[in-house]
Amino acid sequence: MAENTRSAQYNRKTKETDIRMSLRLDGSGQNKLDTGIGFFDHMLDGFARHGFFDLEVSIVGDLIVDTHHTIEDCGIVLGNAIRKALGNKRGIKRYGSCMLPMDETLALCAVDLSGRPYLSFDCEFPTEKVGYMDTEMVREFFYAVSYSAGMNLHLKLLDGKNSHHMVEALFKAFGRALDEATQIDPRITDILSTKGSL
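As a starting point, this report considers the structure included with it.

Describing the packing of aromatic side chains
Part 1 of the reasoning: For the coordinates displayed, the defined rule picks out 9 aromatic pairs.
Part 2 of the reasoning: With a centroid separation of 5.5 Å and 80° between ring planes, the pair formed by Phe40 and Phe141 is classed as edge-to-face. Highlighted residues: Phe40 in helix 1 (residues 38–51) and Phe141 in helix 3 (residues 136–149), separated in sequence by 101 residues.
Part 3 of the reasoning: Taking 5.3 Å as the distance between ring centres and 15° as the angle between the ring planes, the aromatic pair formed by Phe47 and Phe174 counts as stacked. Residue Phe47 is found in helix 1, and its partner Phe174 is found in helix 4 (residues 163–182); the two are separated by 127 residues along the sequence.
Part 4 of the reasoning: Overall, the relative accessible area of 1% leaves Phe47 in the buried class.
Part 5 of the reasoning: Aromatic rings pair up to connect Phe40, Phe47, Phe53, Phe141, Phe142, Phe171 and Phe174 into one cluster.

What about the pattern of salt bridges?
In a structure, side chains of opposite charge can pair up when their charged atoms sit close to one another.
Part 1 of the reasoning: On inspection of all chains with the given rule, the structure shows 10 salt bridges.
Part 2 of the reasoning: Across the pair Lys172 and Glu168 runs a salt bridge, and its minimum N-O distance is 3.0 Å. Highlighted residues: Lys172 and Glu168, both in helix 4, separated by 4 residues, approximately one helical turn.
Part 3 of the reasoning: Using a relative accessible area of 15% as the deciding quantity, one classes Lys172 as buried.
Part 4 of the reasoning: On the basis of relative accessible area, Glu168 is assigned to the buried category, the value being 8%.

Criteria and cut-off values
- Each chain carries its own residue numbering, running from 1 in the written order of its sequence.
- Per-residue local features are limited, in this predicted model, to residues with pLDDT of at least 70; the limit for side-chain atom pairs, both in listing and counting, is 80 or more; totals at the level of whole chains, interfaces and linings are taken over all residues.
- Just so you know, side-chain values use all the structure's heavy atoms and leave hydrogens and water out.
- Two rings from Phe, Tyr or Trp (for Trp, the six-membered ring) form a pair when their centres sit within 6.5 Å of each other. Planes less than 30 degrees apart are called stacked, planes more than 60 degrees apart edge-to-face, and all others tilted.
- Strands here mean DSSP runs of E at least two residues long; helices mean DSSP runs of H or I at least four residues long; both are numbered from the N terminus.
- Using a 1.4 Å probe on the protein chains alone, a residue whose accessible area is under 20% of its type maximum counts as buried, one over 50% counts as exposed, and one in between counts as partly exposed.
- By definition here, a salt bridge exists when the distance from a side-chain nitrogen of Lys or Arg to a carboxyl oxygen of Asp or Glu is within 4 Å.

Structure representation (structure tokens):
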């Protein structure tokens with residue numbers, strides 16, 4: 001990736017996972033994903049495409065145990081990559097939101113790149129799994145992203161009956177809300193904060 005773009009490479013290796021990631025905020029939605037969990041790859045693809053982020057993710061995880069470490073650690077790495085790619089946050093809109101329909105599902109996402117981590121997650125799924133991904137890991141992923149990136153993140157399912165649609169709508173809504181929050185606004189000449197920093 002070119003050094004003059006808002007991009008980041010972030011690697012993390014533990015006894016449970018080995019993750020390599022590259023992220024470009026000002027991309028076109030191109031992605032290359034290999035997490036070992038097909039449905040999770042599908043979700044990250046939706047996030048990247050609808051947020052216009054160029055994203056590459058390669059994970060070797062302890063899937064023989066379960067999906068927990070792979071998905072949670074991916075959230076940690078993605079949050080760190082977002083924070084790194086944003087740099088000093090000068091000129092960004094800071095706030096972003098999206099209300100996204102997907103068939104019977106309606107999902108809401110709101111983001112504040114405040115530097116203060118917080119997750120509000122009001123979502124319940126009718127099934128315990130979608131493919132090989134545990135639906136309880138959706139919250140764990142977004143928790144890890146929000147705390148590693150230092151973002152205030154609200155996710156809410158307003159309607160829905162199909163777990164696949166519900167999870168996918170959340171990932172796509174997050175992509176769109178984050179895209180808005182990371183956009184440079186020429187009217188913002190410094191940092192959009194009364195504190196002078198984010």
